[in-house]
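Survey of secondary and tertiary structure
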Amino acid sequence: MVKTIKQISLFSENKPGRLAKVADTLGNVGINIRAFTIAESGDFGIIRIVVDHPDAAHDALKKAGFTVSETDVLGIEIADQPGGLRDIAAVLAEGNINIDYAYAFIGRKQNAILIVRVTDLEKAVAYLKGKNNLKLLGIEDLA
């Protein structure tokens, strides 16, 4: 089984209270946000989130009036120490795999989790599966 994570992306106005509305919408249906990042572009932005129940989150946010999409991303466990990011970036570069964007957080076991969107997901998964020291995570690992 290939482990990927569904990331929820929301197109939102860049104004006070929008993130609070997202968090409130998810909290009201019992969904836990595991990681998020915001990329702004003037009056609008993209909120990318990883949650414990992505399908329910997608439905709740859509019902609340947000423009929502889902993207498959990789969750890669890396060492929470200096050089951890360098190590995974080097492995991806070695496989000629481009990183579109990435963000990270600390997992429950104090390992760092790197969320990565790559240009070619299938190629990345196939390449990374051959690297025994790397652990790809699925949403069940983050719930």
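Residues numbered from 1 in each chain as written. Predicted model: local features only at pLDDT ≥ 70, side-chain atom pairs only at ≥ 80, totals over all residues. Heavy atoms only, no water.

If you look the protein chain up in an unreviewed UniProt entry, it shows as ACT domain-containing protein from Methanolapillus africanus.

Structural notes on the overall build of the protein chain
Stated precisely, the cut-off is as follows: Helix and strand definitions here come from DSSP, where helices need a minimum of 4 consecutive H or I residues and strands a minimum of 2 consecutive E residues; each element is numbered from the N-terminal end. Values of the radius of gyration come from C-alpha atoms, whereas the globule rule sets the reference at 2.2 Å times the count of residues to the power 0.38. Think of it in three bands: residues with accessible area under 20% of the maximum for their type are buried, residues over 50% are exposed, and the middle band is partly exposed, with areas taken using a 1.4 Å probe on protein chains only. Residue contacts are counted whenever heavy atoms from the two residues lie within 4.5 Å of one another.
When helices and strands are counted, the protein chain shows five helices and seven strands. Taken from N to C terminus, the helices and strands of the protein chain fall in the order β-α-β-β-α-β-α-β-β-α-β-α. Since a compact globule built from 143 residues should have a radius of gyration of about 15 Å, the 16 Å found for the protein chain is in line with a globular shape. The dimensions of the protein chain, computed from C-alpha atoms along their principal axes, are 40 × 30 × 30 Å. Out of the 143 residues in the protein chain, the part that is buried amounts to 41%. Taking the contacts inside the protein chain whose residues are at least 6 apart along the sequence as the reference set, 70% of them involve residues at least 24 apart.

Some remarks on the environment of glycine 138
Residue position: glycine 138 is located in the loop between β7 (135-137) and α5 (139-142). Its relative accessible area of 2% is what places glycine 138 among the buried residues. Along the backbone, glycine 138 and valine 73 are 65 residues apart, and their C-alpha atoms lie at a distance of 9.6 Å. Glycine 138 has contacts with Lys3, Thr4 and Ile5, leaving out every residue within four places of it along the chain.

Structural notes on the packing of aromatic side chains
Formally: Side-chain rings of Phe, Tyr and Trp (the six-membered ring for Trp) are treated as a pair once their centres are within 6.5 Å; stacked means planes under 30 degrees apart, edge-to-face means over 60, and tilted covers the remaining angles. Two limits define a charge over a ring: the Lys NZ or Arg CZ must be within 6 Å of the ring centre, and within 35 degrees of the ring normal.
By the definition in use, this model includes one aromatic pair. Sitting over the face of the ring of tyrosine 101, arginine 48 holds its NZ or CZ atom 3.8 Å from the ring centroid.

Structural notes on the UniProt feature "domain: ACT" (unreviewed entry) in the protein chain
The test is simple: UniProt positions are given in the numbering used here, feature names are shortened, and annotations may be inferred rather than shown by experiment.
The UniProt record annotates "domain: ACT" (unreviewed entry) at residues 7-81. The straight-line gap between the two end C-alpha atoms of residues 7-81 is 25 Å; of that span, 28% is helix and 48% is strand.

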